[in-house]
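Here is what each chain is made of, one letter per residue.
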Amino acid sequence: MGTPSLIPYGRQSISQEDVESVVRTLESDFLTQGPLVPAFEEAVCSKIGSKYGVAVNSATSALHLACLALGVGPGDVVWTSPNSFVASANCARYCGASVDFVDIDPETLCLSIEKLERKLEDCRKSGKSLPKVVIPVHFGGQSCDMHALHRLGKLFKFSILEDSSHAIGAKVVWPGESSPRFVGDCHYSDISVFSFHPVKIITTGEGGMATTNDPKLASRMRRLRSHGVTRDRDEMIGESEGDWYYQMLELGLNYRLTEIQAALGLSQLGRLDEFVRERQSLARQYIETLHTTFSNPDTPAPGLQTEPSFSMGARHLFVVRVPPEKKGQCFDGLRSAGFGVNVHYIPIPYQPYYRKLGFQPTHFPEALRYYREGLSLPLFPGLSRDHIELCVSALAKCLSDP
Ligand SMILES: *Cc1c(COP(=O)(O)O)cnc(C)c1O
């Protein structure tokens, strides 16, 4: 036998019901553009409380369509968090806009509202362009302070596009409200985007969805998802020439989700609460195990992501921070012990493509510091409690090695 397979940092959970609903779709009349895509959109909306949902073939596509619908184009600037996957910034580049970053809060690891406010004020004073859109990223499935971000959006007149790729099923309680809302209900944003990649909370293989409460943004994204073509007479220029008639009104794309994927998505959505509960419970177990393992003050406990009091995160990731000089040995040691730890994220401005545009990772010191220290431990439904204990003791061993 070769080396035992790694326990990955994240993976999908596919039930027999998920399999059956995909197979039923394969035997049905529609493999694409049938009834399941709108049914999936409606189911997500009614679950999370947004008015409209636009299903697409990835969160990357959803971010692109959202930027287009918000009017992002050449000459505009879009700001996002450096501690994210490259797609959070690339969406603005697809539209010909420039990108800039706002460093993270070292506790929550999400875009820092104080730094955002300072940067906005500096731009206003020095006459530099203010952002057209700000893209907060709900890192690890934990919401940014959208209440504060929304206030700044009104003050500085930018749109808000949430990258909620990690956060379907996450909840928040905003000031002055008593009942929780789901992330992605767009109470404090224009558009929010979910990812259904297999490592995320629910999956469609590949896939994503944009949610919004604005009917104009929804219909624009819908049209752009399918070549910029409309069959709606009210949108047409001039008269319709018959029931066969359609018009291409603008340059769109083919970003459609298939019926096969929507069938899987609908079935997975029914398990969302169960997935999130299990992720939260596994995260609690990590925290307790870390607490008992590192009770000796000689070995300092790894740092954790702080969850603000308004947030009940979906726990897409469980991250620990280790001393930077030990990160390499922890990564290698945990991997040889069978734990497929990973790093989220190499700061976006660290990437050669963004460096060529003039960014220096040292301009975002907290994101860089977090990159030097952060490790994502395995966390997914079906991970066993024994694995958590073993993973934490392997981590303790790696940390105590000289
Ligand atoms: C996964 C992810 C994306 C991209 O999602 P896809 O569905 O793979 O395109 C974008 N942003 C963040 C923060 C992600 O984690």
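Refer to the preceding data block for the structure.
Below, the structure is looked at part by part. Bear in mind the structure is a predicted one, so any value in this text is a computation, not a measurement.

Calculation criteria
- Residues numbered from 1 in each chain as written.
- Predicted model: local features only at pLDDT ≥ 70, side-chain atom pairs only at ≥ 80, totals over all residues.
- Heavy atoms only, no water.
- Near = heavy atom within 4 Å.
- Polar contact = N/O pair within 3.5 Å; in protein donor to acceptor, adjacent residues only side chain to side chain.
- Areas by Shrake-Rupley, 256 points an atom, 1.4 Å probe, with all protein chains shown as cover.
- Helix = DSSP H or I, 4+ residues; strand = E, 2+ residues; numbered from the N terminus.
- Nonpolar A, V, L, I, M, F, W, Y, C, P; charged D, E, K, R; others polar.
- Pairing = 2+ DSSP bridges.
- Axes fitted to C-alpha atoms, helices over the stretch in contact; angles between N-to-C directions.
- Salt bridge = Lys/Arg side-chain N within 4 Å of Asp/Glu carboxyl O.
- 1 Å grid on protein atoms, 1.4 Å probe; cavity = no way out; pocket = protein on both sides within 12 Å on 5 of 7 lines; lining within 4 Å.
- Points joined across faces, edges and corners; volume = space filled by probe spheres on them.
- Parallel < 35°, antiparallel > 145°, perpendicular 65-115°, else oblique.
- Left-handed = near helix turned anticlockwise from the far one by under 90°.
- Contact = heavy atoms within 4.5 Å.
- Buried < 20%, exposed > 50% of the residue type's maximum accessible area, 1.4 Å probe, protein only.
- Phe/Tyr/Trp six-rings, centres within 6.5 Å; stacked < 30°, edge-to-face > 60°.

Around the ligand, the surrounding shell holds 15 residues, and the nearest of these are Thr60, Asp163, His166, Ser195 and Lys200. For the ligand, a nitrogen atom lies 3.3 Å from a polar atom in the side chain of Ser165. Contact with the protein chains removes 92% of the 380 Å² of surface that the ligand exposes when unbound. Elements with a contribution of two residues or more to the shell around the ligand: α3 (59–69) and α4 (87–94). Here the shell around the ligand is composed, by residue class, of five nonpolar, eight polar and two charged.

You can see Gln305 is positioned in the loop between β13 (303–304) and β14 (311–312). A distance of 3.1 Å separates a polar side-chain atom of Gln305 from the backbone oxygen of Phe139.

As a further point, take the sheet that holds strand β2 (residues 52–56). Sheet architecture is open: seven strands sit in the order β2-β10-β9-β6-β5-β3-β4, paired in mixed fashion. Edge positions in the sheet fall to β2 and β4 (98–101), since each of these pairs with one other strand and no more. On average, each strand axis in the sheet is tilted by 20° relative to the strand beside it, whichever way the strands run. Here strand β9 (residues 191–195) pairs with strand β10 (residues 208–212) via five bridges, running antiparallel.

Let's shift gears to the pattern of salt bridges. Using the criterion set out here, one finds 19 salt bridges in the structure. In this structure, Arg233 engages Asp243 in a salt bridge whose closest nitrogen and oxygen atoms are separated by 3.3 Å. Here Asp243 lies in the loop between β11 (229–230) and β12 (247–248) and Arg233 lies in the loop between β11 and β12, a separation of 10 residues in the sequence. Connected through shared salt-bridge partners, Arg220, Arg223, Glu235 and Glu250 make up one network.

Our next topic: empty space enclosed by the protein. Throughout the structure, instances matching the rule amount to three cavities of 30 Å³ or more. In this structure, the largest cavity encloses a volume near 60 Å³. Taken together, Ser143, Met146, Glu162, Val172, Trp174, Phe182, Val183, Gly184, Asp185, Cys186, His187 and Tyr188 make up the lining of the largest cavity. Of the residues assigned to the lining of the largest cavity, the class counts are seven nonpolar, three polar and two charged.

A pair of packed helices can be characterised by two numbers: the angle between their axes and the separation between those axes. Direction vectors running N to C along helix α10 (residues 327–336) and helix α13 (residues 385–400) enclose 140°, while the axes themselves pass 9 Å from each other. What the angle tells us is that α10 and α13 run oblique. Where α10 crosses over α13, the two elements pack in a sense that is right-handed. Side by side, α10 and α13 meet where Gln329, Cys330, Gly333 and Leu334 of the first sit next to Cys391, Ala394, Leu395, Cys398 and Leu399 of the second. Classifying every residue of the contact of α10 with α13 by side-chain character gives seven nonpolar, two polar and no charged.

Take the side chain of Ser21 next. The topology assignment puts Ser21 in helix α1 (residues 16–26). On the accessibility criterion, Ser21 (10% relative accessible area) is buried. Excluding its chain neighbours within four sequence positions, the residues that come into contact with Ser21 are Ala263 and Ser267.

Applying the stated criterion across every chain yields a total of 12 aromatic pairs. Between the aromatic rings of Phe101 and Tyr354, the centroid separation amounts to 5.9 Å while the plane-to-plane angle is 80°, which identifies the pairing as edge-to-face. Linking Phe101 in strand β4 with Tyr354 in helix α11 (residues 352–356), this pair joins segments that are 253 residues apart in sequence. Each of the two residues, Phe101 as well as Tyr354, counts as buried. Centre to centre, the rings of Phe139 and Tyr370 are 5.9 Å apart; their planes meet at 80°, and the pair counts as edge-to-face. Here Phe139, found in the loop between β5 (133–135) and α6 (146–156), pairs with Tyr370, found in helix α12 (residues 365–373); they are 231 residues apart in sequence, far enough to count as distant.

As far as function goes, none of this settles anything; it's purely spatial.
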